[in-house]
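The primary structure of each chain is shown beneath.
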Amino acid sequence: MNYLITGANGQLGEEWCRYLNEIDAEFTSRSSSELDITDRALVFETADKYRPDVIINCAAYTNVDQAETELEKAFLINRDGVKNLVECCEEKEIKLVHYSTDYVFSGSGKDSKTYPNGYPENAKTDPVNVYGKSKRAGEEVVEASTIHWLLIRVSWLCGPKGSNFVNTMLRIGSGQGTVRVVEDQYGSPAYTFDVVEKTNELLRSDKSGIFHITSSGKINWADFADEIFRQSGMDVKVERISSAEFPSKTVRPVFSLLSTKKIEDAGLKILGWKEGLGELIRKRNKRL
Ligand SMILES: NC(=O)c1ccc[n+]([C@@H]2O[C@H](COP(=O)([O-])OP(=O)(O)OC[C@H]3O[C@@H](n4cnc5c(N)ncnc54)[C@H](OP(=O)(O)O)[C@@H]3O)[C@@H](O)[C@H]2O)c1
């Protein structure tokens, strides 16, 4: 299989490139400066040049706070850019893997009671912020298409490199004895290396449709921070605070848990969140 990776410098894009190198697969990677997915002609030209069997779309507008004031840009990339990829895949009979987020759900306290084991893939979407709405709009474009598509939703994505919660905690924790972390938002981390391997398994077994990929367990950010410092051997105290004490202009879901039942039913083994964190820290130290 010949892969084309978009958004190749992002945390998931980088992980895909590392993995495909490791398994010696045929692939082409394109960063945002080499392939802007909002440039329709360039998308088609790139597909003609490299003739991929599958496009792995890791390109996205991901700045949740900034999206509130950059609505047009968020929709341009997360909806219109995806439309370019879909149309290109339609014309050239290419498969598409597209990534999305738990933020397409409302993440309300009510939903946490309805879905104590996490949102299933077919739960009603109802995003509460601009980023979530733009990502849902991209999902709708994929779902309405006639191509062979895989839509993978992940939550709390963390990889060895890039901007994510683990790297932020390790950075701010190294300078101080106490960090303040919210304890009233729940979810489970998805690890880039696990997401990539599982996505490839789904691709190889010719699966299509929506799948949620994350690790097992239901934790809050403060629990996660505690474990990050414990496993890193850092003597940092986590002061547990409420979201109200951490004011933000952006409404965020309080419940981000995604059900993993469908991928388990597909025969994939779910990674424990602590075990995944240990692996992430080892990979991070090796790649630093
Ligand atoms: N991070 C999370 O916690 C999280 C959670 C749930 C779901 N997700 C989803 O998972 C996927 C991967 O996220 P990530 O964390 O890897 O994101 P990321 O690190 O922000 O990477 C996104 C990449 O997309 C590139 N990009 C932006 N606009 C583009 C355009 N017009 N054309 C081509 N490339 C463009 C960015 O390049 P520049 O840096 O040059 O702009 C960046 O390299 C996304 O679909 C995201 O919505 C992420």
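Refer to the structure printed above.
The model shown is predicted, which means the values in this text are computed figures rather than measured ones. (Residues numbered from 1 in each chain as written. Predicted model: local features only at pLDDT ≥ 70, side-chain atom pairs only at ≥ 80, totals over all residues.)

### Topic: helix H6 (residues 130-143)
Here H6 is 14 residues long and its end C-alpha atoms lie 20 Å apart, about the 20 Å a rise of 1.5 Å per residue gives. Residues of H6 that are buried include every one of Val130, Tyr131, Gly132, Lys133, Ser134, Lys135, Gly138, Glu139, Val141 and Val142, and no others. For H6, the secondary structure elements touched by its buried residues are helix H3 (64-67), helix H4 (71-92), strand E4 (95-101) and strand E5 (149-154). (Helix = DSSP H or I, 4+ residues; strand = E, 2+ residues; numbered from the N terminus. Expected span 1.5 Å × (residues − 1). Buried ≥ 20, exposed ≤ 12 C-beta atoms within 10 Å, placed from the backbone. Contact = placed C-beta atoms within 7 Å.)

### Notes on the packing of helix H2 (residues 40-50) against H4
Two elements in contact, H2 and H4, have axes separated by 9 Å at closest approach and are oriented at 40 degrees. As summarised for this structure, H2 and H4 are arranged oblique, according to the angle between their axes. Remark: the crossing between H2 and H4 carries right-handed chirality. Seen from H2, the contacting residues are Arg40, Val43, Phe44 and Ala47; seen from H4, they are Asn84, Leu85, Cys88 and Lys92. (Axes fitted to C-alpha atoms, helices over the stretch in contact; angles between N-to-C directions. Parallel < 35°, antiparallel > 145°, perpendicular 65-115°, else oblique. Left-handed = near helix turned anticlockwise from the far one by under 90°.)

### Side note on unusual backbone geometry
Positive phi, close to 60 degrees, is recorded for Asp24, a residue that is not glycine. Tracing the backbone through its elements, the reader meets Asp24 in the loop between helix H1 (11-22) and strand E2 (26-30). Taking the number of C-beta atoms within 10 Å as the measure of exposure, Asp24 has 6 and is therefore exposed. Residue Trp156 is not a glycine yet carries a positive backbone phi of 45 degrees. You can see Trp156 is positioned in the loop between E5 and strand E6 (157-158). A tally of 24 C-beta atoms within 10 Å means that Trp156 is categorised as buried.

### What to know about the site of the ligand
Inspection of the region around the ligand gives 27 residues, with Gly7, Gly10, Ser32, Ala59 and Thr101 positioned closest. Elements that contribute at least two residues to the shell around the ligand include exactly H1, H4 and E4. With three residues, H1 is the largest single contributor of residues to the shell around the ligand. Tallied by class, residues from the shell around the ligand come to 12 nonpolar, 13 polar and two charged. (Near = placed C-beta within 6 Å. Nonpolar A, V, L, I, M, F, W, Y, C, P; charged D, E, K, R; others polar.)

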